[in-house]
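Reading the structure
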Amino acid sequence: SRQGMEQLLESYMIRWMLGEDEEGIRLLTGNRSLLEGTIPHWDQIVGFANGQVKGLEFKRQHAPTLARAEASSRPGHNALEAKYSFEDVHSVVGGITKSFAS
């Protein structure tokens, strides 16, 4: 589901930003207000990640041939149904890391 994908991406972003700080990851994952107070612009970061999911959905719905060519959709996939595979998550994460690097 989209909600599951967004939760997964949020968890990924915390881990990506904190690196190997397992204690920090545990603390921030369990305390939303601490997370928002610790990582500057957290709401915008989450909004960006969620926008990447919406972009994937948009591509599937409005450019299905392109989506299949880029492997963000598969034959028989219903573009109106918000289901995601590991490959979908991998693709979105790759887009996020490229965007942050530029």
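Whatever comes next refers back to the structure up there.
Structural notes, computed from the coordinates. On a predicted model such as this, the values are computed, not experimentally measured, just so you know.

Conventions adopted
- Residues numbered from 1 in each chain as written.
- Predicted model: local features only at pLDDT ≥ 70, side-chain atom pairs only at ≥ 80, totals over all residues.
- Heavy atoms only, no water.
- Helix = DSSP H or I, 4+ residues; strand = E, 2+ residues; numbered from the N terminus.
- Buried < 20%, exposed > 50% of the residue type's maximum accessible area, 1.4 Å probe, protein only.
- Contact = heavy atoms within 4.5 Å.
- Areas by Shrake-Rupley, 256 points an atom, 1.4 Å probe, with all protein chains shown as cover.
- Expected span 1.5 Å × (residues − 1).
- Arc of directions from axis to C-beta.
- Axes fitted to C-alpha atoms, helices over the stretch in contact; angles between N-to-C directions.
- Parallel < 35°, antiparallel > 145°, perpendicular 65-115°, else oblique.
- Left-handed = near helix turned anticlockwise from the far one by under 90°.
- Nonpolar A, V, L, I, M, F, W, Y, C, P; charged D, E, K, R; others polar.

1. Concerning the overall build of the protein chain
Along the backbone of the protein chain there are 6 helices and 0 strands. Secondary structure elements of the protein chain occur, N-terminal to C-terminal, as α-α-α-α-α-α. Across the 102 residues that make up the protein chain, the buried fraction comes to 29%. Looking at the protein chain alone, contacts between residues at least 24 apart form 55% of all its contacts between residues at least 6 apart. As displayed, the protein chain offers around 6,500 Å² of accessible surface, 55% of which is attributable to carbon and sulfur atoms.

2. Things to note about helix H4 (residues 42-62)
Between its terminal C-alpha atoms H4 stretches 30 Å, which fits the 30 Å expected from 21 residues at 1.5 Å a residue. Those residues of H4 lying buried are Trp-42, Ile-45, Val-46, Ala-49, Asn-50, Val-53, Leu-56, Glu-57 and Arg-60. What you see down the axis of H4 is that its buried residues fit within an arc of 135 degrees, all on one side. The exposed set on the far side of H4, more than 90 degrees from its buried face, consists of Asp-43, Gln-44, Phe-58 and His-62.

3. Looking at the packing of helix H1 (residues 2-18) against H4
Following both chains from N to C, one finds H1 and H4 inclined at 135 degrees, their axes separated by 10 Å at the closest point. Judged by the inter-axis angle, H1 sits oblique to H4. Once H1 is placed against H4, the crossing between them reads as right-handed. Along its contact with H1, which presents Arg-2, Met-5, Glu-6, Leu-9, Glu-10, Met-13, Ile-14 and Met-17, the element H4 presents Trp-42, Ile-45, Val-46, Ala-49, Asn-50, Val-53, Lys-54, Leu-56 and Glu-57. Its residues assigned to classes, the contact of H1 with H4 comprises 11 nonpolar, 1 polar and 5 charged.

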